[in-house]
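Architecture and fold: a report
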2 protein chains.
Amino acid sequence: MDALVERALLGDPRSVARLISLVEREDSASADLMRLIYPRTGAAHTIGITGSPGTGKSTLAARLIASFREAGLKVGVIAVDPSSPYTGGAILGDRLRMQDHALDAGVFIRSMGSRGNLGGLSGATREAAHVLDACGYDIVIVETVGVGQSEIDVVKVCDTVCLILVPGLGDDVQIMKAGVMEVADIFVVNKSDRDGAGKVAADVKVMLDLIPEREWRPPVSLASARLGEGLEEIIKNTEAHKAYLTSTDEGRSRRMAKIGNQVEEIVKREILRRVEDEWKNERSGGALEDIEKRKTDPYAVAEALLNKIIK
Amino acid sequence: MDALVERALLGDPRSVARLISLVEREDSASADLMRLIYPRTGAAHTIGITGSPGTGKSTLAARLIASFREAGLKVGVIAVDPSSPYTGGAILGDRLRMQDHALDAGVFIRSMGSRGNLGGLSGATREAAHVLDACGYDIVIVETVGVGQSEIDVVKVCDTVCLILVPGLGDDVQIMKAGVMEVADIFVVNKSDRDGAGKVAADVKVMLDLIPEREWRPPVSLASARLGEGLEEIIKNTEAHKAYLTSTDEGRSRRMAKIGNQVEEIVKREILRRVEDEWKNERSGGALEDIEKRKTDPYAVAEALLNKIIK
C-alpha cells in the first residue's frame, strides 16, 4: 500500500482513484490508509454544492472548476448520487457535462454513491475528500442532490456548503422541510435570467432573518451558470467563508464541531459493524420466532445482545 | 404509567396520544412502555403510504380511512414529516384535509417528525404504530413523503407499503434513484383521469419485470382519490398482501426479517446513545485540538473511545 500512497501523494490520478476505491470499501484497510494520509490533509478547501434536480448544479460546478483552473488551482470533484440496488451504483446522468474537464490533468472527477456499505453514512465521501486533500487538490468540490437526509449528511462534511436554488421549481417548501437550508453557508439563485429569480433571493433573505444571528450570515447571490454570469461573486463568497472559518472564534468552533462529528461517526461505524456481526450469530437461535409468538419482545432480545457487546 | 397504559388500551384517545409522546422521546421510559405493551400487539395491519409531494397521498389516505371505517374498522394514522429545526417539528400542510375524520372517535391521527432524537431513525414511528396496534386500531396507516432515505426507512416498518405515482410529475427517475421502488408492495397510479396514467402504470410494470421473481409480485392499479375511484382495488390489494405475509413461507420470512431489523435498530439506538454520552466527556479533553494540529488523527481517537465502550 505504501508505494500506492506515495504515487498518489505525488499526484498520479490512477493511484488517487485506487485510494478512493479503497476508502469506499469502508473496511479496516481503509482506516489504515486514512491514518497514513491524515497528517498530509488540511490544506484543501472543500466546497459542497447541493440543490434539487434541475437547478443546474453540474453546469455551475463545471463553470467553477474552469474558474479555479484559471487561477492555477488543482480541483478534485466528488459527484454523489443516491445509489439504488436497481442501478448497482451511481447514476452519472447529467454529470457528463463535467467531461469538459476530463482531459485536464489538474481536475480529478469521481462519482460515488451516497449510501455506503453501512447505510446512509457519509464516511466514505469525507474520506475521499481527505484523500484528494492529501494528494494536493487545492479545491475539493462535493456535488450532491439535496433531496434527502443522507445527501445532507454528505454535504455536511464540507467546509463550505453552497445551496443552489432556481425560480419556478416550486419546491422551496420541500427544501425547507428537508433541512437543507440550515446547512447552507452560501446561497446561489441560478438561472438569474428567468422571471422570479430576484423573488427567490428575497425569500431566502427573509428566511435567513428567522435564524438566530451568527457572525457568518450566508450571502445570497444571483448567477447564470449557462451564461457564465455571477461566478466571481460565488468564488468571492466561498473565499470569505473560508476566511471566516480560519480567522474567527465562531468559525474555529465550527471546524472543531466537524472534527468531533467525524470521530463520532468513525466510532459509530465501527460499533454498528460489530452489532451486525454479533446479531448474525444470534438471530439464528430462534429469537425471532420467540418474538413473533410474543414469548419475548424485541427489547429483551436487544438488551441481551447489548450486554454481549458493551462494557 | 400503568394507569395511563390501561386507559390507552381501553381506547381512550388522549391516553393513546400521551403514550405516543412518550415513545417519541426515545428514552428508557419508552423502552419500558414498549415492553409492557408488546404482548398486546400483532393484530393490526400496518399500511405505509408514500409518494412524492403532489401525488395526492393525503386525499387517498382520507378516502381509504373512510372505506375502512365503513367496514367497521378502527383506523390509526401516523403522518410523518421531514422535520426541520426551523419549524420545530412536523409541518402539517395538506394533511389538514384528513381533518374530515377529526371528529370520528374511530380514527386517531398523529403527526410525527421523521428524524427522531437520534438522527434519521425510524424507531419512534414503529413504536407509535405498535402503540396504536396494542390500543385496538385495526388498521394503522403511516403516511410519509417518499423523497429521502429516512422516509424510506420509516415506511419500511410497515407490513404493506403502498407507493403512489401520478402522471406528469416527471420525477420517476428521482423515485427510482431514491430506492423507493424496492420497498413498495403495492403501486397505485393516482389521478387516473389525467393523460399518461396508463403509461405510468405500464412503465412500472416494465420495471417490475426487472426485479428477480418472487412469490409476491406488486400489483399496479389506477385510482382517482379525488373522484373516489379505484379504492376497492387498493383495499383488495392490501388484503391480498396481508394474506401473503401470513400464509406463505416467503411472507413469513419477510415478517421475520422485519422483526430482526427491529431488534437491530433497538441495539444500535442504545449503543449510539452510549457513544454520544462517552464522547461528550472525551471531547472536552483537548482531543479535537490535537486532531486539528495533526498531532493525532480521528481514527486513533475513535479507537481509544471504542475500547472504552465495547468488550
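Up top is the structure.
First, a word on scope: everything that follows refers to the structure included in this document. Every value quoted in this text rests on a predicted model; they were computed, and no experiment measured them. (Residues numbered from 1 in each chain as written. Chains lettered and ligands numbered in written order. Predicted model: local features only at pLDDT ≥ 70, side-chain atom pairs only at ≥ 80, totals over all residues.)

Re helix α11 (residues 298–309) of chain B
- In this model, α11 of chain B (12 residues) spans 17 Å end to end at C-alpha, consistent with the 16 Å of a helix rising 1.5 Å per residue.
- Against α3 (28–37) and α10 (249–292) of chain A together with α10 (249–292) of chain B lie the buried residues of α11 of chain B. (Helix = DSSP H or I, 4+ residues; strand = E, 2+ residues; numbered from the N terminus. Expected span 1.5 Å × (residues − 1). Contact = placed C-beta atoms within 7 Å.)

Let's talk about the packing of helix α3 (residues 28–37) of chain B against helix α5 (residues 123–134) of chain B
Residues and elements named next belong to chain B.
- Orientation of α3 relative to α5, taken along the N-to-C sense of each, is 35°, at an axis distance of 10 Å. The element α3 and its partner α5 pack so that their crossing is left-handed. Residues S30, M34 and I37 of α3 form the contact with α5, whose own contacting residues are E127, H130, V131 and A134.
- The class makeup of the residues in the contact of α3 with α5 is 4 nonpolar, 2 polar and 1 charged. (Axes fitted to C-alpha atoms, helices over the stretch in contact; angles between N-to-C directions. Left-handed = near helix turned anticlockwise from the far one by under 90°. Nonpolar A, V, L, I, M, F, W, Y, C, P; charged D, E, K, R; others polar.)

Some details on the nonpolar core
- Membership of the largest hydrophobic core comes to 156 residues, with the highest contact counts inside it found for V77, V131 and I141 of chain A together with V77, V131 and I141 of chain B.
- Filtering out sequence-adjacent residues up to four positions away, V131 of chain B remains in contact with V16, L19, I20, V23 and I37 of chain B. (Core = buried A, V, L, I, M, F, W, Y, C linked by C-beta atoms within 7 Å. Buried ≥ 20, exposed ≤ 12 C-beta atoms within 10 Å, placed from the backbone.)

Structural notes on α3 of chain A
- Residues S30, A31, L33, M34 and I37 of chain A constitute the buried set of α3 of chain A. Summarising the axial view, the buried residues of α3 of chain A lie within an arc of 160°, below the 170-degree limit, and thus occupy one face. Set apart from the buried face of α3 of chain A by more than 90 degrees, the exposed residues are S28, A29 and D32 of chain A.
- The secondary structure elements touched by the buried residues of α3 of chain A are α1 (2–9), α2 (13–24) and α5 (123–134) of chain A together with α11 of chain B. (Arc of directions from axis to C-beta.)

Some points on the pairing of strand β5 (residues 160–165) of chain A
All names here are of chain A.
- Across the 6 residues of β5, 6 count as buried, placing the element largely inside the fold.
- Here β5 shows two buried faces, one formed by T160, C162 and I164 and the other by V161, L163 and L165.
- The pairing of strand β1 (residues 45–51) with β5 spans 4 bridges and is parallel. What sits directly across from I47, in β5, is T160.
- Where β5 and strand β6 (residues 186–189) come together, 4 bridges link them in parallel fashion. Bridge pairing in β6 links L163 to F187. (Pairing = 2+ DSSP bridges.)

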